[in-house]
Every structure is written in structure tokens, then in C-alpha cells.
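A look at the structure
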Amino acid sequence: MNPISVASLLILSLVYPLHAEDPKEVFINVDNSYFKSHEKLHFASGSNLTLECASSVQGSQSPISYKWYITNQPYSSDTANRKEVSTKRVYSVTAQAAHSGYYMCFINTTEGYAVFTPAIHVIVEYFDVETKVLKKTIEPYTKVSVLACSTISANPTPNVRWLKDGVGIDILNLERNIMKVTGKVLDKIYNIKVNDLIILNYDDKYTGVYSCETEAKGTLFKGRKKVAYSYTVQTAASTNPMQDNTTNILFIDDGGRPNIGDAITLRCGASGYPTPSYVWQDVSNNALQTSDRFKVYQTKLIVKSVQGTDDDAEYKCRAESGDNGQTEPVRIQLSVQSPEFNSTMANSEYNIPGANVTVNLALKSTRSSASTTLLWNGRDLGNFGDRGELTYNQTSNTLTILNIKKNASGVFQGVIYNEAGMQTQFKTVVIRDAQPAAVAHTTKSNVDITVKGNTIHSVRGANFTMECEGSGNPTPKDITIDVPDQSNAKNFLEKVNQDGKYIGRLLIDSVTESYAGSYNCCTYNFVNGQRYDACVGITLAVEEKVQVTQNSPDEDYSLVIGSQVYGTKGYPLTAECKATGLPRPSINITRPNQCGTVSTITKSNDLEFIDNAVRNTHDNNTIILYMHFLCNL
């Protein structure tokens, strides 16, 4: 059976059969931009969302199938968490909120070769905030009053700022009684949600107009502002004294995921009567004080500079009302780094049954943990069966297949992922019968060179690449090109191992005669422990089109005008022509007999004419003669 190759393009992938090419890269194409790794793409709601999983098969009659999946995380190894959205190469919809997520395309052929593309994170943005004006009446001493601002028609979730009578609540010095909910909600009584405003132990001094002002985040609507809710809060007539003084921490906020060196604010909000006071503690329950490292407030603790693992730890927020209190841990967690590979995996290996094959994922160590999934033709390695003995080294992230079978041919794919993103790369392994090494001359003709078999005809000054290709199974180990002694071309040999072949490319720059001669390209491989060598001879002929020019000199008794030479009676003159070309041309000169006799032909092919008859007859007069001659090559 023939493997496919996934060739280029998130459009998401190009796929080829083995005898054309094996898999190279997989991509997704969005508006002619090609993505090979995890990326974020932003679309406005209502716009056209088109993802292309571009594929082509060359040299195979087998159809390719496509499946587009969406998940709510960078990658899921559980097929139940993947939602299939299309079986077409091009997936196109009108973008709506439900289309936000992580998209991957699965490419498969009837031969069984299959591969997943990287994930593309699609974010459908919208900011459709309409102001709602409401009234709210609160009885005095109400323990917890909630002004909602959690239901907002916007994506991503916008920044929210609360104001009382036009003044930001953060500057009202009421942080223990009026606070915006952030971080993680612990409350299970009051239906509090992130971005809501809570008023604790209501007093009539809290009457006024409360506004929830939103500011769009993301890319397409960033910076737009709109008031989502406006509450007119007033006091009810009744005044029931507070009976319940239980302290309950309603929410905690770890400040997000900082980088080392960032300042970060931890927050904590609690209910209780009287209004709770707060103590911030370290892991040993020691109370923290404002210092070079911390700035301590009631409901918040500012860590001035996160220093790494020392701050990648728990702090504690303790809220107290009278003799009653509650403590909750608040843990700083450093930013999650997207996993990466140290190097690019070799995209193919051609080998023989019984060989040992190694697939090195080359994972890059990172502070953030990441999950690893290994696939064979898009399936868990548990489907590999008896095709070889699998061994995975978790330290080096290397998969070894011992005594591999012929039916193990396929795409071995590694996926690493965490909440920050995913990366994937793969290696196509083709197992086929042994074939001793062979080598072929593969230089292509162009405007400056003509290739005939193993001979290259090049003009002087040409730039071209001499190429030869080693083949065999297993893939040849090396390729060399021996050059003529007088040439320095040996310094410019590029070796490429791809598609089960070893290719040698020799850059020939500004050809001169010194490059002419015999070149020898050789390769080798080992079949069942025996070495097989193969060589091909390549001849480079350096050539230049022949040109002939009139080259006669002006002398005391001769004059050259254009192609005409004028002589003086009784005096010798020199007629000269110049020929250039490679290989070096020879010259044959013809002339009319009446022009005189040729006395000398120099080594440089100069001609000297002496007209004895004219000189003897007209001894004392000057006669101008037209000397006509032809240079033949």
C-alpha cells in the first residue's frame, strides 16, 4: 500500500502518496495565511469563518477523507470531547458565539495513513452591550445585596468597572462594604457571580446610582465602552436588626497568572456582622505586614514582585467578625507557558522489516506541565498491535519500535498540550523490502546550462546547482561529490536527507574554466549488515559562444576604420582578427590573392600583408589600398 504525505499548508494539510512524497507539514489556511502551530484567530460575529484543510494526492487513486473537529481546550485525547463539525476539506460558516473553540482537521486515506493538523484557536468577538436601567430597594442591615453585571453580550468577557454616583468604587474607601466580585466564587447562598457588585450590611448611606461600565477586550472591538447596567439603589422603610453574624468568605482572587517580576494583587471578600476585618497570612499563619515585598490592605494583598517558586505558593486570607472567622488559601500560580519542541522531528524514515526505529519528540523543558499524546495514524498507540515492540522513554520523550514489521508503515505523531496551547509534529515511517544503494544524476537544465545524461554544458559565468540523488532502502547514510583538483566547489556541498533519499547539491558559482572536468557523486547504505556503494560520474564542460572581432592596430603607415584596413604603398601592414569562446577556438583566414602575400602568421593568429608588386612599381608614391580578409573558425 502507498503512504500518503501531508505536504504543506494549514490550509491544513497536504497529503501525498509514498511514491510521490511522504508527509511534510500540516497547516490550516485562513484567508491565504498558513498556520503550522497553535494560533489565535479573531473573527467578528456575523463574518465569514472559513478554514481550509488543503490536500492533494499525487500518484495515487486513493481518495482522501477529511474531518473537522472543535473542542473547548487546545487538545483532547478523549474523542468524546471532540465535536465533529464537517467532513469537507473546506469548513465555512457565518461566525457566531458557538463557533469559538479549538479546531483541528483529521486527514486520512484508504491506505490508512492519517494525521491531525495543529489546533487553531478561533475566537468569535462581539460587543453588543445595551444599557439596562433598574431600581433596587434594599432594607437596612441586609447582610449581602447583589447588583448583577455578569450577563453581558460580549466576547471576550470585557473589563468591568463599577461606579457610585459617577465615582469609581475603588476610591470611595468602602472596600470592606462595597466590592466587585473577581477571581473564584465560593458563595453558595447568594448566587454571586464574577463582576457582580456586592454591598454588605446595607446602610442608607449607600443609596445612590451604581453603574456597571464595560470596556471591550480582544482585538476587533478593544477599547469600546458602554454602561451595561445602571441601578438606582434606595432604602426600604423597615429596619430589621442583624441576627446572623456568621463569617463567610464569598470569593477569592489569585490575581491571574503572573510572570516572574510582575506585581500581583490577591483579593478576598467576606460577609459577616459586624463587617469583617481581614488578616493576610503566610503559609505558617504569620500575619503579613507592609514591607519591601508586600503592601497589605484589608481586602487585598499586593505582592510587589513575583520572584518565582518562592511566590508560587499559598497565602491565606482570614476574615473575622467578632469571635467568628474563616480562612481560605489563595495560591499564586505563575503563567502557563505553551509547550514547545527543542527541534524539528525528521519528517520521514524509510527502513526495512526487522529494523529498530526511533521517533524523538524533542520536547522542550518548560516550567509549566504539559500532557503528551502519541498517535499512530491518528489513533492511540494501543492500536499498534503486534507491528513491533513499543518502548517510550518519558525522560527523553523518545519512542522506539523494536523489530518493526512491514505493516507498521504510517504516521507517528506527537502532541503536547496544556491550557496555554498545543504543538504537534510527526514522522512518517515507511517499511519496505531492502534495496541496495543507487545514485542518479539529477541536475536540471536552465537558461545557462544544458544537461545531457551525465554531462553538463555550462556557459562561462553561470550560477547553478549540480545535483545527484542517492536512493535505496534503508535510506543511504551519506552522499559525497568529488570535484576536480583545481575547483573550489567542494566547499559548497549541501546534503539533504528527505523522502527516503539522500540528495547532494553542489553550488557552482560564477563558472570559469577551472570548474571544467569530472565530478564523482557517491552514496552507500547497509542491507543486513553488508555495505553497498554506488557512484555516478558527471562531466562539466565550460563553454562560451564564439565571437570574432576585427582587431587590427593603427600603425605609422596604416589606418583602421571599422572593418577596413588602409595601407601605404611599399610598407607592410598588419591585419588582425580576434576570436573568443570556450573551448578555445582555432582561426582560419582567407583573403583575395591580389591583396599581397602573407609573410607571417603569429601565434596569436595575427596576419602581416606585404604587397611586393605595388611596392616595386610605385616606389615613390603613396597609394591607399583596401585590404579585405575573412577569419574562419
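Quick summary incoming for the structure in this document. (Residues numbered from 1 in each chain as written. Predicted model: local features only at pLDDT ≥ 70, side-chain atom pairs only at ≥ 80, totals over all residues. Heavy atoms only, no water.)

Time to look at the packing of aromatic side chains. Applying the stated criterion across every chain yields a total of twelve aromatic pairs. Through pairs of rings, three or more aromatic residues link up here, namely Trp68, Tyr91 and Tyr103. Just above the ring of Tyr297 sits the side chain of Lys300; from NZ or CZ to the centre is 4.8 Å. For the cation-ring pair, Arg531 lies above Tyr524, with the distance from its terminal atom to the ring centre recorded as 3.6 Å. (Phe/Tyr/Trp six-rings, centres within 6.5 Å; stacked < 30°, edge-to-face > 60°. Lys NZ or Arg CZ within 6 Å of the ring centre and 35° of its normal.)

Let's shift gears to the sheet that holds strand E42 (residues 493–498). Strand order in the open sheet formed by four strands is E37-E40-E43-E42, and the pairing between neighbours is antiparallel. Every other strand in the sheet has two partners, leaving strand E37 (435–441) and E42 as the edge strands with one partner each. Neighbouring strand axes in the sheet, compared pairwise and without regard to direction, differ in orientation by 15° on average. The pairing of E42 with strand E43 (residues 501–508) spans six bridges and is antiparallel. (Pairing = 2+ DSSP bridges. Helix = DSSP H or I, 4+ residues; strand = E, 2+ residues; numbered from the N terminus. Axes fitted to C-alpha atoms, helices over the stretch in contact; angles between N-to-C directions.)

In any sheet, the strands associate via hydrogen bonds between backbone groups, in a parallel or an antiparallel arrangement. In space, the five strands of this open sheet follow the order E29-E36-E35-E31-E32, with mixed pairing throughout. Sheet topology places strand E29 (348–351) and strand E32 (379–380) at the edges, where each strand pairs with a single neighbour. Of the pairings in the sheet, the one linking strand E31 (residues 371–376) to strand E35 (residues 410–418) comprises six bridges and is antiparallel in character. The residue bridging Ser371 from the neighbouring strand is Tyr417, located in E35.

Quick look at the state of the cysteines now. Inspection of the entire model under this criterion finds five disulfides. Across a sulfur-sulfur distance of 1.9 Å, Cys468 and Cys521 are joined as a disulfide pair. Between Cys468 and Cys521, the S-S dihedral sits near 75°, and the bridge is therefore right-handed. Note that Cys468 is positioned in strand E40 (residues 464–473) and Cys521 in strand E44 (residues 517–527), a separation of 53 residues in sequence. One exposure class covers both Cys468 and Cys521, and it is buried. (Disulfide = S-S within 2.5 Å. Buried < 20%, exposed > 50% of the residue type's maximum accessible area, 1.4 Å probe, protein only.)

In this section: unusual backbone geometry. Residue Pro156 is reached from Asn155 by a cis peptide bond, and omega for that bond is 0°. In this structure, Pro274 follows Tyr273 across a cis peptide bond, with omega equal to -5°. Looking at where Pro274 falls in the secondary structure, it is placed in the loop between strand E23 (264–271) and strand E24 (277–281). One non-glycine residue, Asn201, lies in positive phi territory at about 50°. Position of Asn201 among the secondary structure elements: in the loop between strand E19 (197–200) and strand E20 (208–215). If you check the backbone angles, Asn528 has positive phi at about 50° while not being a glycine. The residue Asn528 is located in the loop between E44 and strand E45 (530–550) in this model.

Evaluation of the coordinates by the stated rule reveals eleven salt bridges. Among the ionic pairs, Glu320 bridges to Arg318, the shortest N-O distance being 2.8 Å. Taking the relative accessible area as the measure of exposure, Glu320 reaches 29% and is therefore partly exposed. Arg318 sits in the partly exposed class, given a relative accessible area of 23%. As a salt-bridge pair, Arg531 and Asp533 come within 3.0 Å of each other at their nearest N and O atoms. Relative accessible area serves as the criterion here: at 43%, Arg531 is assigned to the partly exposed category. (Salt bridge = Lys/Arg side-chain N within 4 Å of Asp/Glu carboxyl O.)

Inspection of the secondary structure puts Asp253 in strand E22 (residues 248–253). The side chain of Asp253 is buried and forms no salt bridge, while Arg267, the nearest opposite charge, is found at 4.8 Å. When residues no more than four places from it in sequence are discounted, the contact partners of Asp253 are Thr182, Gly183, Thr265, Leu266, Arg267 and Val330. (Lys, Arg positive; Asp, Glu negative; His and termini not counted. Contact = heavy atoms within 4.5 Å.)

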